[in-house]
Amino acid sequence: MAKLLIVATGGAGGDLPPLVAAALALRERGNETVFAADIAVLRMLHPLGIEVDLLPGELDLGPRMASVVQKAMQETGGDLGLAGPLLQRGMTVWAHDVALPIGELIERHRPSAIVTSLFGVETVDAACPPCPWAVINSTFYVGPRLQRPIEQDFGPRAIPLIQRYIELLEAPNLVLHATDKLFDYGFQGLPARHHYVGPLGIWEPPSDPPAYLREPGDPWVLVSISTQRQDDLPLAEHALAALADQPVRVLLTVGAEHSPAELADHPANTHVEATVSHAAVLKNGAVLISHAGHGSVMKALWYGRPMVLIPWGRDQPGVAARAAALGVAEVVPRGEAGAQRIGLALDRVRHDNEMARRAAGHAARLQLTDPPALAASLLESMG
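What comes next concerns the included structure. (Residues numbered from 1 in each chain as written. Predicted model: local features only at pLDDT ≥ 70, side-chain atom pairs only at ≥ 80, totals over all residues. Heavy atoms only, no water.)

1. A look at the pairing of strand β3 (residues 51–54)
Part 1 of the argument: Bridge count for strand β2 (residues 32–37) against β3 is four bridges, and the pairing is parallel. Across the sheet, residue A36 finds its bridge partner in β3, namely D53.
Part 2 of the argument: Crossover connection from β2 via helix α2 (residues 39–45) to parallel β3: handedness right-handed. (Pairing = 2+ DSSP bridges. Helix = DSSP H or I, 4+ residues; strand = E, 2+ residues; numbered from the N terminus. Right-handed = clockwise from strand over helix to strand, strands pointing away.)

2. With respect to the nonpolar core
Part 1 of the argument: Among the nonpolar cores identified, the biggest contains 66 residues, and M91 and Y165 are the most heavily contacted of them.
Part 2 of the argument: Broken down by element, the residue count for this core peaks at nine residues, all from helix α4 (residues 80–109).
Part 3 of the argument: With residues near it in sequence (within four places) discarded, Y165 still touches M91, L118, F119 and V121.
Part 4 of the argument: Ranked by size, the runner-up nonpolar core spans 34 residues in total, among them I6, L48, A113 and A376. (Core = buried A, V, L, I, M, F, W, Y, C linked by side-chain atoms within 4.5 Å. Buried < 20%, exposed > 50% of the residue type's maximum accessible area, 1.4 Å probe, protein only. Contact = heavy atoms within 4.5 Å.)

3. Side note on the pattern of salt bridges
Part 1 of the argument: Across all of its chains, the model carries 16 salt bridges by this definition.
Part 2 of the argument: We note a salt bridge from R322 to D153, for which the minimum N-O separation is 3.0 Å. Here the residue R322 occupies a position in helix α11 (residues 316–325), and D153 occupies one in helix α6 (residues 150–153), the gap between them amounting to 169 residues.
Part 3 of the argument: Judged by its relative accessible area of 1%, R322 is buried.
Part 4 of the argument: The partner of D184 in a salt bridge is R322, with the nearest N and O atoms 2.7 Å apart. Linking D184 in the loop between β6 (174–177) and β7 (194–196) with R322 in helix α11, this pair joins segments that are 138 residues apart in sequence. (Salt bridge = Lys/Arg side-chain N within 4 Å of Asp/Glu carboxyl O.)

4. Remarks on the pairing of strand β8 (residues 220–224)
Part 1 of the argument: Most of β8 sits out of view: five of its five residues are buried.
Part 2 of the argument: Where burial is concerned, the two faces of β8 agree: the one with W220, L222 and S224 and the one with V221 and V223 are both buried.
Part 3 of the argument: Pairing of β8 with strand β11 (residues 287–290), which is carried by four bridges, proceeds in the parallel orientation. Pairing of V223 across the sheet is with I289, part of β11.

Here you go:
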């Protein structure tokens, strides 16, 4: 039985589910897992009975990142391109601050291996671990020899940070990409030590879906914005306006960073929640309207649901482009994402039988796979 230390942070919302999915699979195979994490991760993992060593509160990634972003935007007058290098430097400072307590935990636990996310790669590298370590990347392939210009796949503010992570990905013993290879343009150029493991990020914490999802009626449309604040509430407002007179029921999830009360005036066919299991909606839903977060897109692909995607920033341009290339989504540019444009896109997607067929085909293919088991097997191979 191996002992794995999993370095996780709550500030990078999409990075956490793949780590948890892999950790649970490792535990099922008889391995011991311990998380080094902040308070947001502790709250999620406590019901699962996973051991967590809590990092000092002043190192929580969520507040630190929010502060770094705010400062970068203030100093650059809101210029996303100029803010990017400041964001990258701020994140490097944070990573080296966290490396000290991580080093102490490595010394105490003496793990067989360490696993972290893309946001933890600089921290673990700075801690100079004496054991093998792995990175689970929560989105499409990131690493040497990118298949597309980075400017096409990432928002300008994120580019310097991603470039820094690409440099650091030379250090881990193993890099797992928690996405579907066909979704990622069927990329054939993975470097040695890199592997596709499928959509690990579809894991969700256990929850009881609202009873109204089981009531008979018009088909459900899931509208989702980022679990991390990125000023995409207008996306939700325009989507609800587009759906107000449609023969559908709408569930909007605004994430923990927003309150449903911010959208108190919403159409009669709409429910607004902070969080609800996306899987519970998509299992029987019709369409996803989303900011093109990788996690929500992978869930829609897993359940065979067509999508309308409005990429806002971060890796979302690349995610949306891949979904469109796979033929399962229509992309609405952020600058055109008014109610009328979203409504037209939704109408085309809902009546595109070929898109529905393609989405169902990918769901059938993916549901024959077991991403957590594959990830666990590869992580075990490090020992």
